[in-house]
Every structure is written in structure tokens, then in C-alpha cells.
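So you can see what is in the structure, the chains are spelled out below.
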Amino acid sequence: GAGVSQTPSNKVTEKGKYVELRCDPISGHTALYWYRQSLGQGPEFLIYFQGTGAADDSGLPNDRFFAVRPEGSVSTLKIQRTERGDSAVYLCASSLDGAGGPTDTQYFGPGTRLTVL
Amino acid sequence: AQSVTQLGSHVSVSEGALVLLRCNYSSSVPPYLFWYVQYPNQGLQLLLKYTSAATLVKGINDFEAEFKKSETSFHLTKPSAHMSDAAEYFCAVSDRGSGNTPLVFGKGTRLSVIA
């Protein structure tokens, strides 16, 4: 596909349940980012992958959150024992190489809206 | 640590009027700066970015922004607002070339355009 895709677009779950959110980056992009956007706020960084490895996971709020990218392409964000405060839009972005140079732009997917009841 | 402050959570302009959305940044090193736009129920779309090549940056849809180091600002402007410009706008910063590439976003400014 031409852009970053995320599935599902909406996810409603009950408190305490486990959820998985999927991100398909732009083909050839080695860097992948997850952000969380709460209502009325800007996106907040969660975790950044360079290839298969997590280069920076300092934004993960606690150990209930985990993300993987086993083959260096698709990534899955996993949330255990969901809480109502986890309700937000989860955004994924990818960039060509993550080197931070002038051409290394992050392109965002449409997001997954997670609602925890 | 970097931070971004967007002045005004909501800006309302008349169609055809000047659009000015304000952004001030804090960074310990010369930053890269970005403006993204978010339409309802959509992801973020890059409007423009500053990477030190020129202080006046032109983006899509006639938007532009000027990097002013002395004021630590990167305000977004458009000469004439269209109804289709109504959206949420986010300013963001990242460290230049430090390898620390995740973006730090402001809280956003909602732009309303009145007919």
C-alpha cells in the first residue's frame, strides 16, 4: 500500500482484557514509531523501532504495554489488563531510516481508537 | 528535553482572512521543527518542516512557517483561509541529527473557518 495502515480502526474492550493493535508501515521504511493521543492532547511518544529492535521504549507508561516487530515490518502494540485510562487513539508512524536527518520524515497512519469500558 | 507550546487551543478566522497559528519551542540543540494537520478521524499529515536549509519554509496548501531562533518560534501562516482548512494543527520538534528521532508534539490548535 501507499501509506501506513492500522487495524482495527476502532476497538472497544472491557476493563481487564488484553488487546493487540497492528501497524503496517510504508514498504521499505526501517523506522517505526507508536504514539498515543488522548482526547484534546497532542500525540505522545510510546516506542520506536529501528528494524526489529526497540531503539527507544522510554515512552511506554508501564509494563502492561509491550510492542514487537519480529520481521522488521509489521508491528503489534500489546496492552495487557486494560484500564479505562488506556482509552485513546493509538497512532503509528514510519520513516525511511530513523536517522533524524533532514529527509527522514515520519508518515502517520489513521490510528486505532481504543475504548476501554 | 524538548518541548513545544502552542498558544491558543482554538483559533477562529473568517474565510479569506489570514491564518496565524503560534508555536514556540524549547530545545537544547538546534531542532528540526514540523507542522502537521489532522482532519477529523484521520491521521496526521505533514504540512511542512524546518531542517535548517532556509528559515522560511513553504508547505502544502499555501501554508508557510518562519523559523525565528531569537524568538524560539515557528509560527504557521496562510494568507487566505479556506473552509477546507478547518482542522487540528500540531507543531512538533525533534533533535537534529542526535539519533533521538521521536517527535515531541504541542497540544494542538483547532482552526475553525467561518463563512
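Preceding this paragraph is the structure being described.
Residues numbered from 1 in each chain as written. Chains lettered and ligands numbered in written order. Predicted model: local features only at pLDDT ≥ 70, side-chain atom pairs only at ≥ 80, totals over all residues. Heavy atoms only, no water.

Topic: the pairing of strand β5 (residues 44–50) of chain A
Residue and element names in this part refer to chain A. Here is the rule we go by: Note on classification: 1.4 Å probe, protein chains only; a residue is buried when its accessible area is under 20% of the maximum for its type, exposed when over 50%, partly exposed between these limits. Going along the chain from the N terminus, every DSSP run of H or I of four or more residues is numbered as a helix, and every run of E of two or more is numbered as a strand. Pairing between strands is defined by DSSP: at least two bridges between the two strands are required.
Counting buried positions along β5 gives five out of seven residues, so the element sits mostly inside the fold. Where strand β4 (residues 31–37) lies against β5, six bridges are found, and the strand directions are antiparallel. When the sheet's bridge partners are listed, arginine 36 is paired in β5 with glutamate 44. Between β4 and β5, which pair antiparallel one after the other, the connecting turn spans six residues, and glycine 40 there sits at a positive phi close to 80°. In terms of strand pairing, β5 meets strand β6 (residues 53–56) through three bridges, oriented antiparallel. Paired with tyrosine 48 across the strands is aspartate 56, a residue of β6. A loop of two residues connects β5 with β6, the two strands running antiparallel in sequence, and glycine 51 in this loop sits at a positive phi of about 70°.

A closer look at the pattern of salt bridges
All names here are of chain A. Formally: Salt bridge, as used here: a side-chain nitrogen of Lys or Arg that lies within 4 Å of a carboxyl oxygen of Asp or Glu.
Evaluated as defined, the whole model comprises six salt bridges over all chains. For arginine 22, the salt bridge goes to aspartate 24, with nearest N and O atoms at 3.0 Å. Under the relative-accessibility criterion, arginine 22 is labelled partly exposed at 38%. Aspartate 24 gets classed as partly exposed once you look at its relative accessible area, which sits at 23%. As a salt-bridge pair, arginine 64 and aspartate 86 come within 2.8 Å of each other at their nearest N and O atoms.

Some thoughts on the sheet that holds strand β7 (residues 65–68) of chain A
Residues and elements named next belong to chain A. So the rule is basically this: Helix axes use the C-alpha atoms of the stretch in contact, all axes being lines fitted to C-alpha atoms, and the angles between their N-to-C directions lie in the range 0 to 180 degrees.
Spatial strand order, β1-β3-β8-β7: four strands in an open sheet with antiparallel pairing. Two strands in the sheet have a free side with no partner beyond their single neighbour: β1 (5–7) and β7. Adjacent strand axes in the sheet meet at a mean angle of 15° when their direction is disregarded. Direction of pairing for β7 relative to strand β8 (residues 75–79): antiparallel, over a ladder of four bridges.

Observations regarding the state of the cysteines
A covalent bond between the sulfur atoms of two cysteines is referred to as a disulfide. Here is the rule we go by: Cysteine sulfur atoms that come within 2.5 Å of each other are treated as a disulfide pair.
Scanning the entire structure with this criterion turns up two disulfides over all chains. A disulfide bridge connects cysteine 23 of chain A with cysteine 92 of chain A, and the sulfur atoms are separated by 1.8 Å. Its torsion about the S-S bond being -65°, the disulfide of cysteine 23 of chain A and cysteine 92 of chain A is classed as left-handed. Of this pair, cysteine 23 of chain A sits in strand β3 (residues 19–24) while cysteine 92 of chain A sits in strand β9 (residues 88–95), and the two are 69 residues apart along the sequence. Two residues share a disulfide in this structure: cysteine 23 of chain B and cysteine 91 of chain B, whose sulfurs sit 2.0 Å from each other.

Structural notes on the pairing of strand β7 (residues 64–68) of chain B
All names here are of chain B. Of the two faces of β7, only one is covered, namely that formed by Ala65 and Phe67; the face formed by Glu64, Glu66 and Lys68 stays uncovered. Two elements, strand β6 (residues 56–58) and β7, share three bridges in a ladder whose sense is antiparallel. Following the sheet pairing, leucine 56 is matched in β7 by glutamate 66. Linking β6 to β7, which pair antiparallel, is a turn of five residues; within it asparagine 61 sits at a positive phi near 55°. Strand direction decides the pairing type here: β7 and strand β8 (residues 73–78), joined by five bridges, are antiparallel. Paired with glutamate 66 across the bridge in β8 is histidine 75. In this structure, the hairpin formed by β7 and β8 is closed by a connection of four residues, where threonine 72 is found at a positive phi of approximately 45°.

Things to note about the packing of aromatic side chains
Heads up, the condition is: Stacked, tilted and edge-to-face are the three classes assigned to paired rings of Phe, Tyr and Trp, where Trp is represented by its six-membered ring and a pair needs centres within 6.5 Å; plane angles under 30 degrees give stacked, over 60 edge-to-face, the rest tilted.
One pass over the structure, following the stated rule, counts 14 aromatic pairs over all chains. Here the aromatic rings of tyrosine 35 of chain A and phenylalanine 108 of chain A are separated by 5.5 Å at their centres, their planes lie at 45°, and the arrangement is tilted. Here the residue tyrosine 35 of chain A occupies a position in strand β4, and phenylalanine 108 of chain A occupies one in strand β10 (residues 107–108), the gap between them amounting to 73 residues. Neither tyrosine 35 of chain A nor phenylalanine 108 of chain A differs from the other in exposure class; each is buried. Centroid distance tyrosine 25 of chain B to phenylalanine 67 of chain B: 5.9 Å. Interplanar angle 25°. Geometry classified as stacked. Residue tyrosine 25 of chain B is located in strand β3 (residues 19–26), and its partner phenylalanine 67 of chain B is located in strand β7; the two are separated by 42 residues in the primary sequence. Aromatic ring contacts, followed pair by pair, group Tyr33, Tyr35, Phe45, Tyr48 and Phe108 of chain A together with Phe34, Tyr36, Phe90 and Phe105 of chain B into a single cluster.

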